[in-house]
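Inside the fold
Chain residues, written in single-letter form:
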Amino acid sequence: MAESVKVLPEDIQQLMDVYEWDMRTREGVQRFRALKARSLPSVALDGDLVYESQIPMQEEIAEEIRLRYHQKNRDDDHAS
Amino acid sequence: MPENLAGKRYIYKARGVCPAEIHFRIDGDVLVDLRFVGGGCPGNSLLVSRLLSGRPIDEFQDVLQGIDCRENTSCPDQLALALKAVNNQSLEPADTFRIHEDRRKIGRAALIGDLSGDGQALERLLNATTAAAPDAVYCVGNITGNSPQNKEMIRMILKTGILALQGKADWRYAQGTEPPDWPEMASQTRDHLVRLPQVLRFDLAGKKAVAFYGDYIQQLTGYSDYDPYALEMNMICGLTDFMRDEAVFPALEAMTPQFEVDLVLFGQTRQWGHWRVGGKNIIGVGPASEGGRLSWGLLTSENGDIRFNTMTVD
């Protein structure tokens, strides 16, 4: 799953950090439950569970990341 | 000591002395959690344990050797041999938890859940299970509890040949950390509980099965997510909250192909249950006695399928 995120275009890579949790571990299970995920694979962006049981198309996830990035920066600008 | 052995747990099979085993850990060059298990002078062995635990091994190793108690050896002498065996790597670190493999050919197994020291319940359940002619009777912990019959219970378990797993209450008694209002227990009795298996492996008509009590095993010092059957335990205890959270069953199903076994049994929740997820069978073993009613589980195999029934005793 993380592989599909790691191959996103360079401009998207610049906007994000990728974390992968191993579901075999207690830490992975804890994270899975904290996100209230139900199935695998699951992808969360900024702590929100966005994709479950599916690997999104590259364009789709890239667009979602761009949107969130701009939204976040706009919110930060308004806040400052 | 070789540097890479820090923090490992060891079990040394003693010879010629009363205790059957010596349990200890080595943290860096320091001996910790020393315990003589399975007999001997409880006072003296506890004193030796207290004097040596937490001290660098080099400080005392020499004085242990050559002390004679019986058969030209003694508990300290056996400890010296154990430490020497660690040093020359002829004694391998023990597993985080004690796994017992039942190699008998099992077609039918009777399951007994939490007994909590209820000897009468065990006696009645054994009478009931006998009629079903099981190849094995497994108790998935706890055998002890807040009961004056704990010692008698252990005696019955040993006498009847039931294979009992250590439950959390048994583990707490073994460690001397039982609730303060629970009955006292002699150190020899506690030693029996220390030596109970914490995980049981058996085959049911060719299907691989593993049984454990619950999540206290995940809290044992040194527990690793990559220990044998840790995946099964992490999924049952952590992911599904002992199969009580059905919302995550799709995730469980995705993980089951990595299971080492076909059948997983647990006891902690004191509720009988049978689930089939991802082609694996998962069974919750309920209490032996509840509300005056006794119950046990019968595990069989039919045409390669695992069958499970909860039986009650009036």
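Residues numbered from 1 in each chain as written. Chains lettered and ligands numbered in written order. Predicted model: local features only at pLDDT ≥ 70, side-chain atom pairs only at ≥ 80, totals over all residues.

1. A look at the overall build of chain B
- Scanning chain B for helices and strands turns up 9 helices and 16 strands.
- Taking 314 residues into account, the globule formula puts the C-alpha radius of gyration at 20 Å, and chain B, at 21 Å, falls close to it.
- Seen along its three principal axes, the alpha-carbon backbone of chain B occupies a region of about 60 × 40 × 35 Å.
- The buried share among the 314 residues of chain B stands at 42%.
- Considering only contacts within chain B whose residues lie at least 6 apart along the sequence, 64% involve residues at least 24 apart. (Helix = DSSP H or I, 4+ residues; strand = E, 2+ residues; numbered from the N terminus. Rg over C-alpha atoms; globule rule 2.2 N^0.38 Å. Buried ≥ 20, exposed ≤ 12 C-beta atoms within 10 Å, placed from the backbone. Contact = placed C-beta atoms within 7 Å.)

2. Remarks on the pairing of strand β13 (residues 280-284) of chain B
Residue and element names in this part refer to chain B.
- Of all 5 residues in β13, 5 are buried, a share of seventy percent or more.
- As paired elements, strand β11 (residues 263-266) and β13 share 4 bridges and run parallel to each other. Across the sheet, residue Leu-265 finds its bridge partner in β13, namely Ile-283.
- The pairing of strand β12 (residues 273-277) with β13 spans 5 bridges and is classified as antiparallel. By the bridge assignment for β13, Trp-275 is matched with Ile-282.
- In sequence, β12 turns back onto β13 through a hairpin of 2 residues, with Gly-278 there showing a positive phi of about 55°. (Pairing = 2+ DSSP bridges.)

3. Overview of the sheet that holds strand β10 (residues 207-212) of chain B
All names here are of chain B.
- One open sheet holds the 6 strands; their spatial order is β5-β9-β10-β11-β13-β12, and the pairing between them is mixed. Lying at the two open borders of the sheet, with one neighbouring strand each, are β5 (99-106) and β12. Between one strand axis and the next, the sheet turns by 20° as a mean value, whatever way the strands run.
- Running over the sheet, helix α8 (residues 230-239) touches β10, β11 and β13 and is turned about 55° from β11. (Axes fitted to C-alpha atoms, helices over the stretch in contact; angles between N-to-C directions.)

4. Concerning the confidence of the model for chain B
Residue and element names in this part refer to chain B.
- Taken as a whole, chain B shows an average pLDDT of 94; of its residues, 98% reach a score of 70 or greater.
- Per-residue pLDDT stays below 50 along residues 1-6; that stretch engages in 12 contacts with residues further than four places along the chain or on separate chains.
- Here the predicted complex carries an ipTM of 0.87, next to a pTM of 0.87. (pLDDT = per-residue confidence, 0-100.)

5. Structural notes on the interface of chain A and chain B
- Facing the 11 residues of chain A at the interface are 12 residues of chain B.
- When its residues are assigned to classes, the side of chain A that touches chain B shows 5 nonpolar, 3 polar and 3 charged. (Nonpolar A, V, L, I, M, F, W, Y, C, P; charged D, E, K, R; others polar.)

6. Concerning the environment of Ile99(B)
Residues and elements named next belong to chain B.
- As for its placement among the helices and strands, Ile-99 is situated in strand β5.
- With 97 residues separating them in the primary sequence, Ile-99 and Leu-196 have C-alpha atoms 9.2 Å apart.
- Other than its neighbours up to four places away in sequence, Ile-99 contacts Pro-197, Val-199, Arg-201 and Pro-228.

7. Digging into helix α1 (residues 42-52) of chain B
All names here are of chain B.
- Within α1, the full set of buried residues consists of Ser-45, Val-48 and Leu-52. Viewed end-on, α1 has its buried residues packed into an arc of 60°, placing them on one side of the element. Across α1 from its buried face, at more than 90 degrees, point the exposed residues Gly-43, Leu-47, Arg-50 and Leu-51.
- Its buried side turned inward, α1 meets β3 (30-37), β4 (55-56), α2 (57-64) and α3 (75-87). (Arc of directions from axis to C-beta.)

8. Notes on unusual backbone geometry
- Put simply, Leu40(A) and Pro41(A) share a cis peptide bond, and its omega is -5°.
- For the bond from Gly141(B) to Asn142(B), the omega torsion is -10°, close enough to zero to count as cis.
- One can find Asn142(B) in the loop between β7 (136-139) and α5 (150-160).
- Phi at Asp46(A) is positive, roughly 50°, even though this residue is not glycine.
- Tracing the sequence through the fold places Asp46(A) in the loop between β1 (42-45) and β2 (48-52).
- Look at Asp46(A) and you get exposed, because 11 C-beta atoms sit within 10 Å.
- Despite not being glycine, Asp241(B) shows a phi value in the positive range, around 50°.
- In this structure, Asp241(B) sits in the loop between α8 and α9 (249-255).

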